[in-house]
Amino acid sequence: MSENCNHNCSECSSNCGERTEPQSMIEKMNEMSNIKKVIGVVSGKGGVGKSLVTSMLAVKMRQKGYNTAILDADITGPSIPKAFGLCEKALSTEMGLFPMDTKTGIKTMSINLLLDDETSPVIWRGPVIAGAVKQFWSDVIWGDVDYMFVDMPPGTGDVPLTVFQSLPVDGIVVVTSPQELVSMIVGKAVNMAEMMNIPVLGIVENMSYFECPDCGKKHSIFGESHVDELAKQYNINTVSKIPIDKTIAQKCDSGKAEEINCSCIEDIVNAIESK
Ligand code: ADP
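J.: Please give an account of the pattern of salt bridges that cites residues and values.
T.: By the definition in use, this model includes seven salt bridges. Between Lys36 and Asp146 there is a salt bridge, with the nearest N and O atoms lying 3.2 Å from each other. Of this pair, Lys36 sits in strand β1 (residues 33-43) while Asp146 sits in strand β5 (residues 143-151), placing them 110 residues apart in sequence. On the basis of relative accessibility, which here comes to 52%, the residue Lys36 falls in the exposed class. Residue class for Asp146 comes out buried when judged on its relative accessible area of 16%. Note that Lys60 and Glu266 form a salt bridge whose closest N and O atoms lie 3.8 Å from each other. Here the residue Lys60 occupies a position in helix α1 (residues 50-63), and Glu266 occupies one in helix α8 (residues 266-273), the gap between them amounting to 206 residues.

Rendered as structure tokens:
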């Protein structure tokens, strides 16, 4: 027990034998950061458009005038720097790491902004990956941020769970695509969120349909969507659908995510803003 013990364990991180409350697993924010809201973006597997949705949400919030940041926690598949055309290295000083600004001023940190060769694969085990994400929270000097979007590691396994437990997430957005076993993924994400008392703010169905550029007819390329019924089943009020769109892919893959102009995620943006 510390000499100055006031018997209020919630104010103390000492792991002494007298402890009466479990120690929070939330990492300490950097002293030079002031982050107001943290939104986690999750998916059941890689390649469904989680990074695209993270980027689109951050871009919209920035357009609304908020100080916005992206923490790329997808350590083994980091796509955020590429989506924003960031190829320089982040500045590291004795005080900590500085995030890189995108063209419109979204503060960004990703493993690819630290590696000498961004093509070298990260083959770390789960605890090391989670450790890197924790450092992105505690060692990065984020400054003032109204909304931070966290591009979570894909899946609902150990790594995303540890990341969730380490960051003070205020809400999550689930990204799915019609090819997946959507009900299972949404169910798992909802369970994970419930376990940690975090609300699911909405579901984004990416690659939902294709709109014919000639006649305007919408085609459900991957079959009919069931995401609305699912959202109802889990009491999730907001569903947004993003079409398969060549322009979206081109912008996202050529560092021009800030030029994507799609009103399709407006409802989710409103849900986040009113949280
Ligand atoms: P994840 O983060 O889930 O691994 P990404 O966001 O990196 O997935 O997207 C994977 C690839 O699919 C990218 O090349 C992206 O441009 C493309 N893509 C994602 N969503 C769409 C879409 N709605 N229309 C066209 N291409 C898309």
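Next comes the rest of the account.
J.: Could you give me a rundown of the packing of helix α3 (residues 126-138) against helix α4 (residues 158-166), with the residues and numbers involved?
T.: Axis angle and axis distance: for two packed helices, these are the angle between their axes and the distance between the axes, and together they describe the pair. It is the contact of α3 with α4, at a shortest axis distance of 9 Å, that shows an interaxial angle of 30 degrees. With respect to their mutual orientation, α3 and α4 come out roughly parallel. In the packing of α3 onto α4, the handedness of the crossing is right-handed. Counted together, Gly126, Ile129, Ala130, Val133 and Lys134 of α3 and Val159, Thr162, Val163 and Ser166 of α4 form the full contact between these two elements.

J.: Outline the state of the cysteines, listing residues and values.
T.: If you walk through the whole model with that rule in mind, you get one disulfide. Cys262 shares a disulfide with Cys264; S-S distance 2.0 Å. Classification of the bridge connecting Cys262 and Cys264 rests on its S-S torsion, roughly 135 degrees, and on that basis the disulfide is right-handed. Taking relative accessible area as the criterion, Cys264 reaches 16% and is therefore assigned buried. Its sulfur unpaired, Cys215 is 3.6 Å from the next cysteine sulfur, which belongs to Cys212. Owing to a relative accessible area of 56%, Cys215 belongs among the exposed residues under this scheme. We note that Cys252 lacks a disulfide partner, and the nearest cysteine sulfur, in Cys262, lies 13 Å from it. What makes Cys252 buried here is its relative accessible area of 17%.

J.: Summarise the sheet that holds β5; cite the residues concerned and give the values.
T.: If you walk across this open sheet you meet the eight strands as β3-β4-β2-β5-β1-β6-β7-β10, and the pairing is mixed. The two strands at the open ends of the sheet, each matched to only one other strand, are β3 (100-101) and β10 (239-241). Two strands pair when backbone bridges link them, and strand β2 (residues 68-72) and β5 are joined in this way by five bridges, in the parallel orientation. Across the sheet, the residue bridging to Thr68 is Tyr147, located in β5. Its contacts with the sheet put α8 on β1, β5, β6 (171-176), β7 (200-205) and β10, and the angle it makes with β7 is roughly 165 degrees.

J.: Tell me what's going on with the site of the ligand, and back it up with residues and numbers.
T.: In the vicinity of the ligand there are 17 residues, among which Gly47, Lys50, Ser51, Asn206 and Pro243 approach most closely. Backbone polar atom of Gly49 to an oxygen atom of the ligand: 2.9 Å apart, as the coordinates give it. Pro243 is positioned such that a nitrogen or oxygen atom in its backbone is 2.8 Å from a nitrogen atom of the ligand. Protein burial of the ligand: of its 560 Å² of free accessible surface, 81% is covered by the chains. Among the cavities detected, the one that contains the ligand is the largest pocket. If you list the elements that add at least two residues to the shell around the ligand, you get α1 and α7 (246-253). Along the lines of polarity and charge, the residues of the shell around the ligand split into eight nonpolar, six polar and three charged.

J.: Go over a nonpolar patch on the surface, please, and point to the residues and values.
T.: A cluster of nonpolar side chains, Phe210, Ile221 and Phe222, forms an exposed patch at the surface whose accessible area comes to about 260 Å². With respect to the secondary-structure elements, Phe210 resides in strand β8 (residues 210-211).

J.: Go over the side chain of Asp151, please, and point to the residues and values.
T.: Along the chain, the position of Asp151 falls in strand β5. Overall, the relative accessible area of 0% leaves Asp151 in the buried class. Among residues more than four places away in sequence, those in contact with Asp151 are Val41, Lys50, Ser51, Thr54, Leu71, Asp72, Ala73, Asp74 and Ile80.

J.: Describe empty space enclosed by the protein, with residues and values.
T.: Per the counting criterion, the structure on display carries one cavity of 30 Å³ or more. Put simply, the largest cavity is a space of about 40 Å³. What lines the largest cavity is simply Met56, Val59, Lys60, Gln63, Ala257, Ile260, Asn261 and Cys262. When grouped by side-chain class, the residues that make up the lining of the largest cavity number five nonpolar, two polar and one charged.

Thresholds applied
- Each chain carries its own residue numbering, running from 1 in the direction its sequence is written.
- A pLDDT threshold of at least 70 governs which residues receive local features in this predicted model, and a stricter bar of 80 or more applies before side-chain atom pairs are shown or counted, although totals over entire chains, interfaces and linings include all residues.
- Where side-chain values are given, they derive from all heavy atoms of the structure, hydrogens and water being excluded.
- For this document, the term salt bridge refers to a Lys or Arg side-chain nitrogen within 4 Å of an Asp or Glu carboxyl oxygen.
- A run of H or I in DSSP counts as a helix once it spans at least four residues, and a run of E counts as a strand once it spans at least two, with each numbered from the N terminus.
- Buried means the residue's accessible area, taken with a 1.4 Å probe over protein chains only, is under 20% of the maximum for its type, while exposed means over 50%, and partly exposed covers the values in between.
- What counts as an axis is a line fitted to C-alpha atoms, over the stretch in contact for a helix, and the angles between N-to-C directions run from 0 to 180 degrees.
- Should an angle fall under 35 degrees it is called roughly parallel, over 145 degrees roughly antiparallel, and 65 to 115 degrees roughly perpendicular, with every other angle called oblique.
- Take the far helix as the reference: if the near one is turned anticlockwise from it by less than a right angle, the crossing is left-handed, and if turned clockwise, right-handed.
- Contact criterion: two residues are considered in contact whenever any of their non-hydrogen atoms come within 4.5 Å of each other.
- Working definition: a disulfide is two cysteine sulfur atoms within 2.5 Å of each other.
- A pair of strands is labelled paired if DSSP reports no fewer than 2 bridges between them.
- Throughout, near means a residue has at least one heavy atom within 4 Å of the molecule or strand.
- Two N or O atoms form a polar contact when they lie within 3.5 Å of each other; inside protein one atom must be a possible hydrogen donor and the other a possible acceptor, and for residues adjacent in sequence the pair counts only when both atoms belong to side chains.
- Under the convention used here, a 1.4 Å probe and the Shrake-Rupley method define accessible areas, while residue burial counts only the protein chains that appear.
- The definitions used throughout rest on a 1 Å grid laid over the protein atoms alone, on which a cavity is an enclosed set of points accommodating a 1.4 Å probe that cannot get out and a pocket is an open set flanked by protein within 12 Å on both sides along at least five of seven lines; lining residues are those having an atom within 4 Å of a point.
- Molecules are considered to sit inside a cavity or pocket once more than half of their atoms lie within 2 Å of its grid points.
- Residue classes follow a fixed rule: Ala, Val, Leu, Ile, Met, Phe, Trp, Tyr, Cys and Pro count as nonpolar, while Asp, Glu, Lys and Arg count as charged, and any other residue, Gly among them, counts as polar.
- Like charges are joined within 9 Å and nonpolar side chains (Val, Leu, Ile, Met, Phe, Trp, Tyr) within 5 Å, but only among residues with over 30% relative accessible area and no salt bridge; these make up the patches.
- Grid points are joined across faces, edges and corners, and a volume is the space filled by probe spheres set on the points.

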